[in-house]
Amino acid sequence: VYAAFGRAGVFDGTRTVGFELGDGEVAALGAQWRPAPNWTASAALLSNDGRIAADSRGGALTPGATQAGHWAARWSSGADSVQFNLLNSHSRDGNASGGWIDASARRGRFRHDAGVFSLDPGMAWGALPVNQDARGGYYRLGYQYGRWLWNAGLDEIRSISGRGFDGRYATAFARYQASTRLGYGASASLRHADGGGDAYSVQGFADYRSDWGQTRLQLDRADAGGGERSWQASVDQALPLPEGQHLSLSLAYAELGQRGLEATRSASVSLYGGLRLGQRWNLDGNARWTRGDGPSATRGSDINLGLSGALARGWTLSAALYQSRGSQR
């Protein structure tokens, strides 16, 4: 059983460290239990009142009071499982309910996943909107044996209100381990909307292990139709270092095309590493440099260093240094 009550806010640690305090209050109550053999269940309540966080223009993201409740039950036995979920939310826009069922089964080298869902328009979890205005189902099939790993999936979605998305999603992924050093694969996804508006994305990659470490080459391409398209080529290299040390380098070049605008081109270089200092201390960090040209370009650099270790018995110390500089058109 758990309970919480306090002031609302948003932690932002992606580029700089900070916690933006809101004007609202949040309360939560929940429990988990095992009602019978092979069964687990949980229930949770979440309530908030007031401004939870500022939007991009400094206004109220969620004024007023909202309440939400979630119940779940799961049955599992060996390679099979089924989970049931119910969610209800209440806000100034009214009541909304949703339910979904997820099932999974393993049969030899294959794994089957399937589910159905019905999510009313306006459904939310506290102050945050969740998937809503959708009814449909999905099926996934996965295979793994020897050198092969592949999976595929199909989703059918219908808008309850008639104002949302009606159509299908299809996805596929495959990877083949050609040797102890080389593996390669590809993935693809397709979105078909009734009445037009199709979109797709494809990806190809290769992994190679050599005396220089682990190398990954990857090419991504996406097209949303109407002149919106993008592609990116990247190289990731993990260097072979002694135990307790690691260093990876990433290079990427991308282009983003938007309707009626010139293409935005960008290049980035990233470093990720860690170093063990003696038996008690660790130094970890990453750095990223980006330079772009075009309507949506960003330029800047980010550095993040962290030091952690044991001072004495029962005492630990952690210190962090962040620096972020940049500009965006």
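The rules behind these values
- Residues numbered from 1 in each chain as written.
- Predicted model: local features only at pLDDT ≥ 70, side-chain atom pairs only at ≥ 80, totals over all residues.
- Heavy atoms only, no water.
- Helix = DSSP H or I, 4+ residues; strand = E, 2+ residues; numbered from the N terminus.
- Buried < 20%, exposed > 50% of the residue type's maximum accessible area, 1.4 Å probe, protein only.
- Contact = heavy atoms within 4.5 Å.
- Areas by Shrake-Rupley, 256 points an atom, 1.4 Å probe, with all protein chains shown as cover.
- Salt bridge = Lys/Arg side-chain N within 4 Å of Asp/Glu carboxyl O.
- Patch = residues over 30% accessible without salt bridge, like charges linked within 9 Å, V, L, I, M, F, W, Y side chains within 5 Å.
- Phe/Tyr/Trp six-rings, centres within 6.5 Å; stacked < 30°, edge-to-face > 60°.
- Lys NZ or Arg CZ within 6 Å of the ring centre and 35° of its normal.
- Pairing = 2+ DSSP bridges.

Enquirer: Would you mind going over the overall build of the protein with me for this structure?
Expert: Tallying secondary structure elements over the protein gives zero helices and 21 strands in all. Along the three orthogonal principal directions, the C-alpha set of the protein runs to about 55 × 55 × 50 Å. Buried positions account for 22% of the 329 residues belonging to the protein. Within the protein, counting contacts between residues at least 6 apart in sequence, those at least 24 apart form 36% of the total. A total of about 20,800 Å² of accessible surface is found on the protein, and carbon and sulfur atoms cover 56% of it.

Enquirer: When you look at the pattern of salt bridges in this model, what are you seeing that I'm missing?
Expert: Pairing between side chains becomes possible if they bear opposite charge and their charged atoms approach one another. Across all of its chains, the model carries eleven salt bridges by this definition. With its nearest N and O atoms 2.8 Å apart, the salt bridge here joins Asp80 to Arg107. Taken together, the residues span a long stretch of sequence, with Asp80 in strand S5 (residues 80-91) and Arg107 in strand S6 (residues 94-107) at a distance of 27 residues. Using a relative accessible area of 23% as the deciding quantity, one classes Asp80 as partly exposed. Overall, the relative accessible area of 47% leaves Arg107 in the partly exposed class. One salt bridge in this structure joins Asp293 and Arg299, with 2.3 Å as the shortest N-O distance. Of the residues examined, Arg299 reaches a relative accessible area of 33% and is grouped as partly exposed. Overlapping salt bridges bring together Glu156, Arg158, Arg168 and Asp194 as one network.

Enquirer: Could you clarify how one ought to interpret a nonpolar patch on the surface in this entry?
Expert: A cluster of nonpolar side chains, namely Leu217, Val235, Leu239, Leu241, Leu247, Leu249, Leu251, Val269, Leu271 and Trp289, defines an oily patch on the protein surface of about 770 Å² accessible area. The set of elements that each furnish at least two residues to the nonpolar patch consists of strand S16 (228-239), strand S17 (245-257) and strand S18 (264-277). You can see Leu251 is positioned in strand S17. Leu251 gets classed as partly exposed once you look at its relative accessible area, which sits at 39%.

Enquirer: Just to check I follow, could you spell out the packing of aromatic side chains for this structure?
Expert: Centre-to-centre distance and the angle between the planes together describe a pair of aromatic rings. Across all of its chains, the model carries eight aromatic pairs by this definition. Grouped by ring-pair contacts, the aromatic residues Phe110, Tyr143 and Trp150 constitute a single cluster. If you follow Arg109 out to its NZ or CZ, it ends over the ring of Tyr145, 3.4 Å from the centre. Sitting above the plane of the Phe205 ring, Arg216 keeps its charged end 4.3 Å from the centroid.

Enquirer: Whenever I open this one, the pairing of S16 confuses me. Can you help?
Expert: Successive residues of a regular strand alternate their side chains across the two faces of the sheet. Relative to S16, strand S15 (residues 213-225) runs antiparallel, the two sharing eleven bridges. Residue pairing in the sheet places Gly225 in a bridge with Glu228 of S16. Hairpin connection between S15 and S16: a loop of two residues separates the two successive antiparallel strands, and Gly226 in this loop has a positive phi of roughly 65°. Where S16 meets S17, eleven bridges bridge the pair, whose relative direction is antiparallel. Among the inter-strand pairings, Ser234 is bridged to a residue of S17, identified as Ala252. Hairpin connection of S16 to S17: five residues between the antiparallel strands, including Gly244 at a positive phi of 95°.

In short, shape yes, function no, at least from these values alone.
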